[in-house]
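# Structural overview for review
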Amino acid sequence: MSAIHVTTKINGDVVDYVCEADETLLDVLRNRLGLTGAKEGCSTGDCGACSVTIDGRLTCSCLVLGAEADGREIGTIEGMAKGDELHPLQRKFLEHAALQCGICTPGILVAAKSLLEHNPKPTETEVRFGLAGNLCRCTGYDKIVRAVMDAAQEMRRA
Amino acid sequence: MKEATGLLAREKGRAFVLAGGTDLLVRLRTGFIEPDLIVDIKRITATRSIDVRSNGFRIGAAVTGAELNEHAKLTKAWPGVVEAANLIGSKQVQGRCTMTGNLCNASPAADSVPALMAAAAKVVIVGPKGKRTIPVEQVPVAPGKTSLKKGEIIESILLPKRPPRSGDAYLRFIPRTEMDIAVVGAAVSVTLDAKGMCTDARVALGAVAPTVVLVPEAAKALIGTKMDKAALDALAAACSAACRPIDDKRGTSEFRIKVAGVLARRAAQIARKRAGGK
Ligand SMILES: Cc1cc2nc3c(=O)[nH]c(=O)nc-3n(C[C@H](O)[C@H](O)[C@H](O)COP(=O)(O)OP(=O)(O)OC[C@H]3O[C@@H](n4cnc5c(N)ncnc54)[C@H](O)[C@@H]3O)c2cc1C
Ligand code: FES
Ligand code: FES
């Protein structure tokens, strides 16, 4: 298969790249663009470590072709903090110690942000179901859920 | 659409349609397939919308699970179809996966397919020789195999208009609560008359045979009854009798046969309630 030229927007910036037709968006982000926040856990859509948004929709970048990003708007973990100012979810993850090894964390933050955009006042059950596509082998999830609930509350007050 | 079917028809090597990619990309990544051509249909306008028509709904082939769920009219008319499609994968998968991809992947355990069969859904197929419309049950022919010919693309799924007092439901059994493959799936769609008598029914089962299967005997057990205990017993027996399951790590054949009856009964009760029955 041949190389494809793609023009897309990533975290608000226009980006051009050339990728192979069968190359995933995850590989493009990590290997071509140096955006290594999205992680490769499984490459089969099960773990959510590679989560990004495409035109505002949460997806696994391992199940998207790099070529499909043409003309779309991609959101990655790298766009979450505003300069030095962490997003409330990022702050709460630190406060609640909602991570250990951290491999799952970027994906969970992207997924949690998307969840709160659709549902600013989720119940604990809704958070657990909403994040069911993100696996964490370390924390046992409780601290993650608490951090998301706490961030949601703070974001509602803001 | 014409250009897309032309590309697929002309390709001498292995050519694949790409919808949400949640099956195709997994197979690509795990080395099961080595495509020479991939045709992404998501930017073809005809595949992108849900249209409400006088004779029902037209759902474009690239409409995602998340978009189905956000369509209030569709969810109201066909709650069972939408709930089945929404069982596919996580939020991440929902943002991409399509019912058409679920159907064309031709897994016996595909969650939205029993619901589509129970709903008497049809698919519009576009190919080098023009358009044709066939019932959903004629699409999968064996595990991983469909009746589509070279160059053919499903453009949309058609769901019929609902008569008053109609309801549908889909239930699946999985060992976990999320993110798993159905051990058994059961879909039921019914229409009642003003007295609560069942005048029309369709029943379909997933993961109990090489393809998702329609079970006309189970539907017959409901039609002309008030869906009382005797009718539901007959429905469950007909469903169990229709099973030709395999033994695997997810469940034994015997277990699947039993669960098919149980799930069909529960799905029928939900469908009846949604149709306004007591
Ligand atoms: C983590 C994860 C969890 C999952 N969980 C479930 C689950 O719970 N239940 C379930 O049923 N499935 C599940 N799946 C499987 C998959 O998500 C579904 O089958 C989905 O509906 C496929 O849709 P898609 O649009 O992504 O298909 P694609 O991957 O794009 O396509 C699937 C197949 O259909 C063909 N195709 C697609 N569209 C057309 C068309 N319009 N015309 C002709 N051929 C076409 C493709 O060439 C390909 O062979 C899961 C997958 C993942 C990765
Ligand atoms: S790497 Fe994409 S879901 Fe695991
Ligand atoms: S912190 Fe290690 S996987 Fe989640």
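## Some remarks on the side chain of R58 of chain B
Residue and element names in this part refer to chain B. If you trace the backbone, R58 turns up in strand 4 (residues 56-60). Here R58 falls in the buried class, since its relative accessible area comes to 7%. A polar side-chain atom of R58 sits 2.5 Å from the main-chain carbonyl oxygen of A46. Setting aside anything within four residues of it in sequence, one finds R58 in contact with A46, S49, I50, D51, R53, E155, S156, I157 and L158.

## Some thoughts on the domain arrangement of chain B
Residue and element names in this part refer to chain B. Considered domain by domain, chain B is made up of domain 1 (2-160) and domain 2 (166-274). In this structure, domain 1 and domain 2 have C-alpha centres spaced 23 Å apart. At the interface, 26 residues of domain 1 touch 22 residues of domain 2. In total, about 1900 Å² of surface goes out of reach between domain 1 and domain 2, with carbon and sulfur atoms giving 61% of it. Looking only at domain 1, the three residues that lose the most surface to domain 2 are P108, P114 and A118, adding up to 27% of its buried area.

## With respect to the site of ligand 1
For ligand 1, the set of nearby residues contains 35 residues, the closest of which are V17, T22, D23, T98 and D111 of chain B. One chain alone does not account for the residues near ligand 1; they come from chains A and B. One nitrogen or oxygen atom from the main chain of L87 of chain B is found 3.4 Å from an oxygen atom belonging to ligand 1. Note that an oxygen atom of ligand 1 is positioned 2.7 Å from one of the side-chain N or O atoms of T98 of chain B. For ligand 1, the protein covers 92% of the area, taking 980 Å² as the surface of the free molecule. Secondary structure elements with two or more residues in the shell around ligand 1: strand 1 (15-18), helix 2 (24-29), helix 7 (99-104) and strand 9 (153-160) of chain B. Considering each element in turn, the shell around ligand 1 owes the most residues, four residues, to helix 7 of chain B. Considered class by class, the residues forming the shell around ligand 1 number 18 nonpolar, eleven polar and six charged.

## A word on the interface of chain B and chain A
On the side of chain A, 29 residues touch chain B, which itself brings 28 residues to the contact. Here chain B meets chain A over a buried area of about 2200 Å², counting both sides, of which 57% is carbon and sulfur. The largest per-residue losses of area from chain B upon contact with chain A belong to R29, R43 and Q92 of chain B, which jointly make up 33% of the total buried on that side. The tally of links between chain B and chain A comes to five salt bridges. In this structure, the salt-bridge partner of E68 of chain A is R96 of chain B, at a minimum N-O distance of 3.0 Å. At the surface where chain B touches chain A, the tally comes to ten residue pairs in polar contact (both at pLDDT 80 or more). When contributions to the side of chain B that touches chain A are tallied by element, the ones reaching two or more residues are helix 2, strand 2 (37-40), helix 3 (65-69) and helix 6 (91-94) of chain B.

## A few points about the domain arrangement of chain A
All names here are of chain A. With domains assigned, chain A is organised as domain 1 (3-79) and domain 2 (88-157). Taken over C-alpha atoms, the centre of domain 1 sits 22 Å from the centre of domain 2. The partner domain 2 presents twelve residues to the 13 residues of domain 1 that form the contact. Put simply, domain 1 and domain 2 have three residue pairs in polar contact (both at pLDDT 80 or more) between them. When residues in the side of domain 1 that touches domain 2 are grouped by element, the largest group, three residues, is from strand 3 (residues 51-54). Broken down by class, the residue content of the side of domain 1 that touches domain 2 amounts to five nonpolar, six polar and two charged.

Cut-off values and rules
- Residues numbered from 1 in each chain as written.
- Chains lettered and ligands numbered in written order.
- Predicted model: local features only at pLDDT ≥ 70, side-chain atom pairs only at ≥ 80, totals over all residues.
- Heavy atoms only, no water.
- Helix = DSSP H or I, 4+ residues; strand = E, 2+ residues; numbered from the N terminus.
- Buried < 20%, exposed > 50% of the residue type's maximum accessible area, 1.4 Å probe, protein only.
- Polar contact = N/O pair within 3.5 Å; in protein donor to acceptor, adjacent residues only side chain to side chain.
- Contact = heavy atoms within 4.5 Å.
- Domains from an automatic or database assignment.
- Buried area = accessible area lost by both parts, 1.4 Å probe.
- Near = heavy atom within 4 Å.
- Areas by Shrake-Rupley, 256 points an atom, 1.4 Å probe, with all protein chains shown as cover.
- Nonpolar A, V, L, I, M, F, W, Y, C, P; charged D, E, K, R; others polar.
- Salt bridge = Lys/Arg side-chain N within 4 Å of Asp/Glu carboxyl O.

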